[in-house]
Amino acid sequence: MLYSQFIANGIITGAYISLVAAGFSLIYTTNRFAHFAHGAVVTAGAYFLYSLFALAGLNFYVACALAVPLTGLFGVFLYLVVYKHLRNKGASSAILLISSLALMILIENILLAIFGPGVRTLAFVEVQKGISIFDAVITPLQLMIVGTSAVLLLLLWFFIRCTKLGKLMRAVSDNPELASISGINTGRIQTLGFFIGSCIAGVASILVGLEQNLTPFMGTNLIIKGFAGAVIGGIHSLPGAVFGSFFVGMAENVGIIWLPSGYKEAIVYGLLL
């Protein structure tokens, strides 16, 4: 039973990490730089939901329907105000990377100033008795997290592989210069990459917010795991990023069978190295 429970925990962890990694990978492939502030966008999405649901008193599902596009627009705002402005001035990928780290710190501290350092909860799903599956106890919420992630990732894969817009995004990802010469509006595609990737971050923020407590700095840990998953599986490959995320989730949860629980983060850093 012990092994089954740790494997189940790894799958659940991998489910929401894969959404963070998928959004990060999509933005990276269309824009060609590491957007580490993506973790802070996930955090902002969680606080958008908290503000709409817990503070404004909206219906939870209405709040979710508003929080996801708001998170997407927030990502686009960062791109247009910061990254695009720097690109127009000829900034290198290294400068954009440093800017993304600065943005992450700035956003986290703005959230800290607004909401305070205290832990926030969504308090929507009541604590329910777990279901025994192959000797592992899994709650209905955790099953919903895994199912939602699987459906969303399949829809994203279908969009990228089978739709005209998805093919344009792959063209920009493969060779932005050639895509521009061919008449593709690369700027529009790059903006769209930020919007879709940030919307995926919004969905991840809902799932994380339901499973865990909200803190202003929760996004740092999520982007480290999401980045590790994307790198391990292949940062240019959406299926690879998903596979790598599940590998990271499995490794850190199964690894503590033999190592103290305090080494969970070290396992992620070791895999990334």
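All values reported here derive from a predicted model rather than from experimental measurement.

Basis of the calculations
Residues numbered from 1 in each chain as written. Predicted model: local features only at pLDDT ≥ 70, side-chain atom pairs only at ≥ 80, totals over all residues. Heavy atoms only, no water. Helix = DSSP H or I, 4+ residues; strand = E, 2+ residues; numbered from the N terminus. Rg over C-alpha atoms; globule rule 2.2 N^0.38 Å. Buried < 20%, exposed > 50% of the residue type's maximum accessible area, 1.4 Å probe, protein only. Contact = heavy atoms within 4.5 Å. Axes fitted to C-alpha atoms, helices over the stretch in contact; angles between N-to-C directions. Parallel < 35°, antiparallel > 145°, perpendicular 65-115°, else oblique. Nonpolar A, V, L, I, M, F, W, Y, C, P; charged D, E, K, R; others polar. Polar contact = N/O pair within 3.5 Å; in protein donor to acceptor, adjacent residues only side chain to side chain. Core = buried A, V, L, I, M, F, W, Y, C linked by side-chain atoms within 4.5 Å. Salt bridge = Lys/Arg side-chain N within 4 Å of Asp/Glu carboxyl O. Expected span 1.5 Å × (residues − 1). Phe/Tyr/Trp six-rings, centres within 6.5 Å; stacked < 30°, edge-to-face > 60°. Patch = residues over 30% accessible without salt bridge, like charges linked within 9 Å, V, L, I, M, F, W, Y side chains within 5 Å. Areas by Shrake-Rupley, 256 points an atom, 1.4 Å probe, with all protein chains shown as cover.

As for the overall build of the protein chain
Turning to step 1, where the next piece is worked out: Looking only at helices and strands, one finds 11 helices and 2 strands in the protein chain.
Turning to step 2, where the next piece is worked out: The linear arrangement of helices and strands in the protein chain, starting from the amino end, is α-α-α-α-β-β-α-α-α-α-α-α-α.
Turning to step 3, where the next piece is worked out: A compact globule built from 273 residues would reach a C-alpha radius of gyration of about 19 Å, and the protein chain, at 18 Å, matches this within 12%.
Turning to step 4, where the next piece is worked out: Taken along its principal axes, the extent of the C-alpha atoms in the protein chain is 60 × 40 × 35 Å.
Turning to step 5, where the next piece is worked out: Counting across all 273 residues of the protein chain, residues that qualify as buried make up 49%.
Turning to step 6, where the next piece is worked out: Counting contacts in the protein chain only where the partners sit at least 6 residues apart, residues at least 24 apart contribute 72% of the total.

A few points about the packing of helix H5 (residues 140-162) against helix H6 (residues 164-174)
Turning to step 1, where the next piece is worked out: Two elements in contact, H5 and H6, have axes whose closest approach is 5 Å; the angle formed by their N-to-C orientations is 75 degrees. By the criterion of interaxial angle, the relationship of H5 to H6 is roughly perpendicular. The segment H5 lies against H6, with Phe159, Ile160, Arg161 and Cys162 engaging Lys164, Leu165, Gly166, Lys167, Met169 and Arg170.
Turning to step 2, where the next piece is worked out: The class makeup of the residues in the contact of H5 with H6 is 5 nonpolar, 1 polar and 4 charged.

A closer look at the side chain of Ser25
Turning to step 1, where the next piece is worked out: Mapped onto the fold, Ser25 is located in helix H1 (residues 2-31).
Turning to step 2, where the next piece is worked out: In this structure the side chain of Ser25 is engaged in a polar contact, spanning 2.7 Å, whose partner is the backbone oxygen of Ile235.

Considering the nonpolar core
Turning to step 1, where the next piece is worked out: In this structure, Leu49, Tyr83 and Leu156 are the most contacted members of the largest nonpolar core, which totals 73 residues.
Turning to step 2, where the next piece is worked out: Apart from the residues lying within four places of it in its own chain, the contact partners of Leu156 are Ala22, Leu26, Ile196, Ile200 and Leu238.

Some remarks on the pattern of salt bridges
Turning to step 1, where the next piece is worked out: Evaluation of the coordinates by the stated rule reveals 1 salt bridge.
Turning to step 2, where the next piece is worked out: Residue Lys225 pairs with Glu252 through a salt bridge whose shortest N-O separation is 3.1 Å. On the criterion of sequence distance, the pair formed by Lys225 in helix H9 (residues 218-233) and Glu252 in helix H10 (residues 238-255) is long-range, its members being 27 residues apart. Glu252 shares its class with Lys225; the two are buried.

Points about helix H8 (residues 186-211)
Turning to step 1, where the next piece is worked out: Its 26 residues give H8 an end-to-end C-alpha distance of 37 Å, which sits within 8% of 38 Å, the value for a rise of 1.5 Å per residue.
Turning to step 2, where the next piece is worked out: Where burial is concerned, most of H8 is hidden: 21 out of the 26 residues are buried.

Description of the packing of aromatic side chains
Turning to step 1, where the next piece is worked out: The final tally for this structure, using the stated rule, is 13 aromatic pairs.
Turning to step 2, where the next piece is worked out: Judged by centre distance (6.1 Å) and plane angle (85 degrees), the rings of Phe48 and Phe74 are edge-to-face. Placement of Phe48 in helix H2 (residues 38-55) and of Phe74 in helix H3 (residues 60-88) is noted, with a sequence separation of 26 residues between them.
Turning to step 3, where the next piece is worked out: Ring centres 6.2 Å apart and planes at 75 degrees place the aromatic pair Tyr50 and Phe115 in the edge-to-face group. On the criterion of sequence distance, the pair formed by Tyr50 in helix H2 and Phe115 in helix H4 (residues 93-115) is long-range, its members being 65 residues apart. Comparing Tyr50 with Phe115, the two get one shared label, buried.

Observations concerning the environment of Ala204
Turning to step 1, where the next piece is worked out: Position of Ala204 relative to the elements: it lies in helix H8.
Turning to step 2, where the next piece is worked out: Judged by relative accessible area, Ala204 falls into the buried class, the value being 0%.
Turning to step 3, where the next piece is worked out: Separated by 25 residues in sequence, Ala204 and Ala179 have C-alpha atoms that sit 31 Å apart.
Turning to step 4, where the next piece is worked out: Aside from chain neighbours lying at most four places away, what touches Ala204 is Tyr16, Leu19 and Val20.

Focus on a nonpolar patch on the surface
Turning to step 1, where the next piece is worked out: Together, Tyr3, Ile7, Ile11, Trp258, Leu259 and Tyr263 give the surface a local cluster of nonpolar side chains, amounting to about 650 Å² of exposed area.
Turning to step 2, where the next piece is worked out: Along the chain, Tyr3 turns up in helix H1.

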